[in-house]
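The primary structure of each chain is shown beneath.
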Amino acid sequence: MPAWSEEIAYQFVILASDDRQEVTQLQLQKLIYIAHGWRLFTSGQPLTGDRPEAAPFGPAYRRLSERLAICGLEPVQKDLLPKPDASALDAREMEMIAAVWNSHRGLTAEQLSGVTRSSCAPWSMIWAGGRGSGQEISHQLIRQQFAAIARLQDGDRLAEADRSHGKAKNDG
């Protein structure tokens, strides 16, 4: 069974603390969504047992929102979150969480919104100006979003390699 969003949030808070950083509830919502999306894309399996819903500030996990409502926009302290049971997350899931943290640490909630609230993100389609408030965002739509992101990243890497190759050729 996948872990709950609160257990994944706990891991992100620990990683942030290890880097002497703090994270807000909004950042956690977005980081969990991103990790969940990459997990769906890479394995076809969800990272979390709860599904994100369309909320005003992007995809949100209701359980996590309710638990952290007391924080508002302030940094989240780990004692507000349940420590995951040792079997809640396997080694691959922990690696996914760490990889997402390593590639997104230091980004604000607004910067993370570039992934979670872009015009082609499932949230935008479901939110629909507020008409879809509270509706779940399906695993299928999230997986499609991250497949598209992966294709774009592959294209960017190929273009960079091509530019580097061309520069080396011209320098030689």
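Counting from 1, residues in each chain are numbered in the order their sequence is written. Side-chain atom pairs in this predicted model are given and counted only at pLDDT of 80 or more, local residue features only at pLDDT of at least 70, and totals for whole chains, interfaces and linings cover all residues. Only hydrogens and water are set aside; all other atoms, that is, all heavy atoms of the structure, feed into the side-chain values.

Remarks on the overall build of the chain
For the purposes of this entry, the term helix denotes a DSSP run of H or I that reaches at least four residues, the term strand denotes a run of E that reaches at least two, and both are numbered from the N terminus. Helix and strand counts for the chain stand at seven helices and two strands. When the helices and strands of the chain are read in sequence order from the N terminus, they spell out α-α-β-β-α-α-α-α-α. For the chain, buried positions account for 42% of its 172 residues. Contacts between residues were defined by any pair of non-hydrogen atoms, one from each residue, lying within 4.5 Å. Within the chain, contacts between residues at least 6 apart in sequence are counted, and of these 76% link residues at least 24 apart. Roughly 9600 Å² of accessible area belongs to the chain as shown, and the carbon and sulfur atoms make up 51% of that amount. Burial classification: accessible surface area is computed with a 1.4 Å probe over protein chains only, and a residue below 20% of its type maximum counts as buried, one above 50% as exposed, and the rest as partly exposed. Surface accessibility in these figures is a Shrake-Rupley result with a 1.4 Å probe; residues are shielded only by whichever protein chains are displayed.

A short note on helix H5 (residues 109-116)
Buried residues of H5: Ala109, Leu112, Ser113 and Thr116, and no others. Down the axis of H5, the smallest arc covering the buried residues is 120 degrees, so these residues share one side. On its buried side, H5 packs onto helix H2 (25-43), strand S2 (58-60), helix H4 (91-104) and helix H6 (122-127). As used here, the arc is the angular range of directions from the helix axis to the C-beta atoms.

Considerations on the environment of Leu89
Within the fold, Leu89 resides in the loop between helix H3 (62-68) and H4. A sequence separation of 82 residues divides Leu89 from Glu7, and the C-alpha atoms of the two residues are 8.6 Å apart. Each residue touching Leu89, except ones within four places of it in the same chain, is listed here: Ala3, Ile8, Gln11, Leu47, Met94 and Ile97.

Concerning the pattern of salt bridges
Salt bridges are defined as contacts in which a side-chain nitrogen from Lys or Arg sits within 4 Å of a carboxyl oxygen from Asp or Glu. What the rule picks out here adds up to five salt bridges. Glu6 is the partner of Arg67 in a salt bridge, and the nearest nitrogen-oxygen pair spans 2.9 Å. You can see Arg67 sitting in helix H3 and its partner Glu6 sitting in helix H1 (residues 5-18), a full 61 residues away along the chain. Arg67 sits in the partly exposed class, given a relative accessible area of 38%. Here Glu53 ties to Arg62 by a salt bridge, and the two come within 2.7 Å at their closest N and O atoms. Its relative accessible area of 14% is what places Glu53 among the buried residues. Linked through salt bridges whose partners overlap, the residues forming this network are Glu6, Arg63 and Arg67.

Things to note about H1
Helices are assigned an expected span. That span is 1.5 Å times one less than the residue count. For H1, with 14 residues, the first-to-last C-alpha span of 20 Å sits near the 20 Å given by 1.5 Å per residue. Most of H1 sits inside the fold, with ten of its 14 residues counted as buried. Looking at H1, one finds that the buried residues are Ser5, Glu6, Glu7, Ile8, Ala9, Tyr10, Gln11, Phe12, Val13 and Ala16. Against H2, H3 and H4 lie the buried residues of H1. Just beyond H1, the residue with positive phi is Arg20, at close to 60 degrees.

Purely geometric numbers; function is a separate question.
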